[in-house]
Number of protein chains: 2
Amino acid sequence: MSEDPEGDTLAKGRPTLRLQDVAEAAGVSIATASRSLSRTAGVSEEVAERVRGVARDMGYVANVHARSLAGGASRSVGLVVHEIGDPYFTEIASGVLRVGAREGLTVQICHTGRDPQQELEQIRTLIANRVGAIVIAGSGFVDPADQAAAKADLASYRRFGGRVAVIGRHHLSADAVLPDNLTGGRAVARHLLDLGHRRIAVVAGMRSLTTVADRLAGIEEAFAAAGIPFADVPVVEAPFTRLGGKQAAEEILAAHPDVTAILALNDDMAIGVLSVLRDRGIAVPGRMSVTGFDDVAVAVDLAPALTTVRLPMVDMGEQALLMALKEPSARPRRRTAECDLVVRDSTAVPES
Amino acid sequence: MSEDPEGDTLAKGRPTLRLQDVAEAAGVSIATASRSLSRTAGVSEEVAERVRGVARDMGYVANVHARSLAGGASRSVGLVVHEIGDPYFTEIASGVLRVGAREGLTVQICHTGRDPQQELEQIRTLIANRVGAIVIAGSGFVDPADQAAAKADLASYRRFGGRVAVIGRHHLSADAVLPDNLTGGRAVARHLLDLGHRRIAVVAGMRSLTTVADRLAGIEEAFAAAGIPFADVPVVEAPFTRLGGKQAAEEILAAHPDVTAILALNDDMAIGVLSVLRDRGIAVPGRMSVTGFDDVAVAVDLAPALTTVRLPMVDMGEQALLMALKEPSARPRRRTAECDLVVRDSTAVPES
DNA sequence: AGCGCTTTCGTAAGCGCTTTCGGTTACTGT
DNA sequence: ACAGTAACCGAAAGCGCTTACGAAAGCGCT
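Keep in mind the model is a prediction, meaning the values are calculated, not measured.

**Student:** I'd like a rundown of the overall build of chain A, residues and numbers included.
**Tutor:** From N to C terminus, chain A includes 13 helices and 12 strands. Projected onto its principal axes, the C-alpha coordinates of chain A cover approximately 85 × 45 × 35 Å. Residues classed as buried in chain A amount to 55% of the 352 residues present. For chain A, long-range pairs separated by at least 24 residues make up 72% of all intrachain contacts whose partners lie at least 6 apart in sequence. In chain A, 38 side chains carry a positive charge and 44 a negative one; their mean positions are 5 Å apart.

**Student:** Please give an account of the environment of B:Ser346 that cites residues and values.
**Tutor:** Residues and elements named next belong to chain B. Its place among the elements puts Ser346 in the segment after strand E12 (340-342). Put simply, Ser346 and Ala238 are 108 residues apart on the chain and 22 Å apart in space, counted from C-alpha to C-alpha. Setting aside residues up to four positions removed in sequence, Ser346 forms contacts with Val284, Pro285, Met288, Ser289, Val290, Pro304, Ala305, Leu306 and Thr307. Side-chain polar atoms of Ser346 contact the backbone oxygen of Val290, separated by 2.5 Å.

**Student:** Lay out the packing of aromatic side chains in plain terms, naming residues and giving numbers.
**Tutor:** Residue and element names in this part refer to chain B. Taken as a whole, this structure holds 4 aromatic pairs over all chains when the rule is applied. Ring geometry for Tyr88 versus Phe89: centroids 5.1 Å apart, planes at 75°, classification edge-to-face. Take Tyr88: its relative accessible area is 12%, and that puts it in the buried class. With a centroid separation of 5.2 Å and an interplanar angle of 65°, the aromatic rings of Phe223 and Phe230 are classed as edge-to-face. Exposure class is identical for Phe223 and Phe230. Each is buried.

**Student:** So what about the protein's contact with DNA strand D? Which residues, and what values?
**Tutor:** Taken together, 24 residues form the shell around DNA strand D, and within it A:Thr32, B:Leu19, B:Ser34, B:Tyr60 and B:Arg67 come nearest. At the protein interface, 68% of the atoms of DNA strand D within 4 Å belong to sugar or phosphate. Between DNA strand D and the protein, one listed contact pairs a base nitrogen with a side-chain N or O atom of A:Arg35 at 2.9 Å. The separation between a phosphate oxygen of DNA strand D and a polar main-chain atom of B:Asn63 is 3.4 Å. Elements with a minimum of two residues in the surface near DNA strand D: helix H3 (30-37) and helix H5 (64-71) of chain A together with helix H3 (30-37) and helix H5 (64-71) of chain B. Take the surface near DNA strand D: its biggest share by element is 4 residues, from H5(B).

Calculation criteria
Residues numbered from 1 in each chain as written. Chains lettered and ligands numbered in written order. Predicted model: local features only at pLDDT ≥ 70, side-chain atom pairs only at ≥ 80, totals over all residues. Heavy atoms only, no water. Helix = DSSP H or I, 4+ residues; strand = E, 2+ residues; numbered from the N terminus. Buried < 20%, exposed > 50% of the residue type's maximum accessible area, 1.4 Å probe, protein only. Contact = heavy atoms within 4.5 Å. Lys, Arg positive; Asp, Glu negative; His and termini not counted. Charge placed at Lys NZ, Arg CZ, Asp CG, Glu CD. Polar contact = N/O pair within 3.5 Å; in protein donor to acceptor, adjacent residues only side chain to side chain. Phe/Tyr/Trp six-rings, centres within 6.5 Å; stacked < 30°, edge-to-face > 60°. Near = heavy atom within 4 Å.

Set out below in structure tokens:
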């Protein structure tokens with residue numbers, strides 16, 4: 001045991017090295033050591049470099065808790081998602097983690113499980129944890145009271161230097177990166193209409209989600225532009241998940257057996273739709289065209305490869321965090337992410 | 001602004017309420033308040049309940065940094081993964097996050113990007129962050145020096161109360177939850193052999209990963225049991241990703257056009273293989289059977305639905321964290337996760 | 001009544017860091 | 001040579017909490 005100098009030091013009663021240990025080793029005060037390591041002005045470059053060298057050699061890593069308790073600012077950020085297993089959030093998380101790693105920030109990820117109460121609680125915890133920034137990717141407030149409470153908390157958080165960015169919704173008066181859902185919705189709908197489909201069904205998530213509302217609005221526009229009434233189009237609401245897609249597909253097949261295309265409002269639901277169609281022996285795109293939205297990683301590898309709307313989710317995650325990290329601006333910034341139609345093999349001209 | 005009482009209080013110069021504010025409001029000392037909130041002995045239940053009530057009403061949330069700086073113990077845990085976008089890690093993360101939420105712990109997720117240096121650094125950061133437990137799901141140490149360094153750090157971390165659990169490898173002498181890769185490998189291989197396949201190719205990740213090695217060993221056992229030589233079986237190593245699967249498939253198709261089954265060592269690679277076969281117009285399972293490993297969420301929704309080995313990844317994530325949270329035991333605990341063969345539509349009796 | 005004991009609560013000492021403020025030194029100008 | 005300035009560094013005061021430790025109060029006992 002004593003042949004291991006580091007283990008020995010640590011065994012002296014402390015789990016890790018303290019700044020004081022580094023300062024002593026370098027022959028300076030802890031104030032100087034602190035300034036050297038955090039690159040604050042007031043130390044000659046010569047001394048600072050020496051201290052940093054000593055710290056590096058000793059394997060010193062600052063205690064974040066002490067750091068943020070003393071300094072206020074924190075080297076960690078929070079990410080709120082509905083469910084990390086949902087590929088939409090997975091990719092966003094990937095982007096956020098990537099930027100986090102690059103900037104030397106630790107990322108705390110919170111599940112809300114699509115429960116507004118949980119969401120509020122998670123946001124509060126994040127604030128209490130004094131994270132430097134909060135990225136809210138999954139926000140599902142429906143009750144105005146909850147939303148107001150969150151808004152108030154975030155406002156006071158921001159007032160004290162906290163940064164907030166929201167992805168996909170613009171209801172918390174924070175910086176936001178917003179996919180151009182309207183254009184995307186218009187594009188898929190138009191694609192289907194251009195192919196000649198007239199009996200189209202829409203598989204949607206809950207309309208209370210702005211994402212759903214925007215995509216639907218785009219679709220409606222496309223119908224209007226084509227001079228086709230949208231009122232008769234069946235829009236089935238179901239959970240924004242694969243299972244929800246299955247349920248919706250069953251429902252459509254039962255109630256509207258004559259539809260020739262199913263337009264799902266996200267890929268996860270589209271995958272559910274495809275699996276139901278496969279089980280029923282309904283050929284895609286032969287007898288039924290199917291479209292998704294998001295272009296999750298597997299979309300291209302499905303059979304048939306899914307026609308969908310590409311959303312740069314990893315990018316959006318990166319952008320959101322970067323935006324939050326920037327100097328705060330007086331009024332919320334907006335950044336729109338392009339939605340591009342990606343035509344693959346799940347759509348075709350309708351049969352006869 | 002003054003009509004918002006909470007905003008007003010907060011605006012007094014502090015981002016959030018302090019324990020002292022609660023103590024004053026409840027008419028007790030901060031020591032008593034602390035004890036009441038953390039449910040430490042030494043306070044009458046009556047007083048404690050009152051303090052908790054006050055705190056709840058005020059919306060007080062303790063500052064974790066102060067908490068863990070003072071108390072040592074921390075209410076957060078770390079999770080190390082290669083890449084959150086990889087579905088294997090996504091599901092594990094989902095399990096860890098679920099337990100975290102249930103236990104009121106915040107979870108810090110770190111990407112290693114499959115880089116051992118990054119991994120080491122991330123582990124060190126987590127230790128410096130004083131997380132209460134570390135779950136290492138993606139460990140890719142190959143250089144013994146790196147591994148030893150990590151082991152030393154983790155050992156000293158544990159000596160001071162830190163908890164460590166590893167998923168899928170058992171090289172850091174920590175608690176581990178280990179999928180029964182051997183049995184799983186044996187099962188898929190046997191399935192293919194039972195169907196009558198004799199010209200089988202294996203699509204593997206890097207052999208240096210114990211996961212890969214174990215699964216291969218199981219496969220070899222199945223061949224041995226069937227009295228079929230394994231030496232001639234082509235084993236193509238490629239990155240453990242969808243793209244790797246594609247590369248491997250191309251290679252196999254070029255070098256061994258006569259194989260009737262491709263056994264991929266994870267689903268991601270299998271998905272890549274399937275997409276190559278689809279592009280080439282090779283029918284699955286008609287002309288080629290394909291198997292995966294892991295049973296990621298989409299496996300069942302692929303076309304054809306993938307025959308694979310189910311690994312309870314969400315469960316494994318939950319188990320790992322729960323295990324780490326338990327009282328530490330003298331010697332590392334092991335928990336094996338069952339691997340069940342799931343036969344679906346991507347395998348069949350070979351043609352002719 | 002006085003003694004020890006237990007229970008309940010408050011006082012105060014840190015946890016490891018950042019940062020203000022004051023002191024020291026080195027340098028300029030006269 | 002000396003005042004004035006700037007650059008650098010150290011002492012010490014917290015950040016908000018936990019947790020010894022000690023004080024006070026209530027209890028049964030002699």
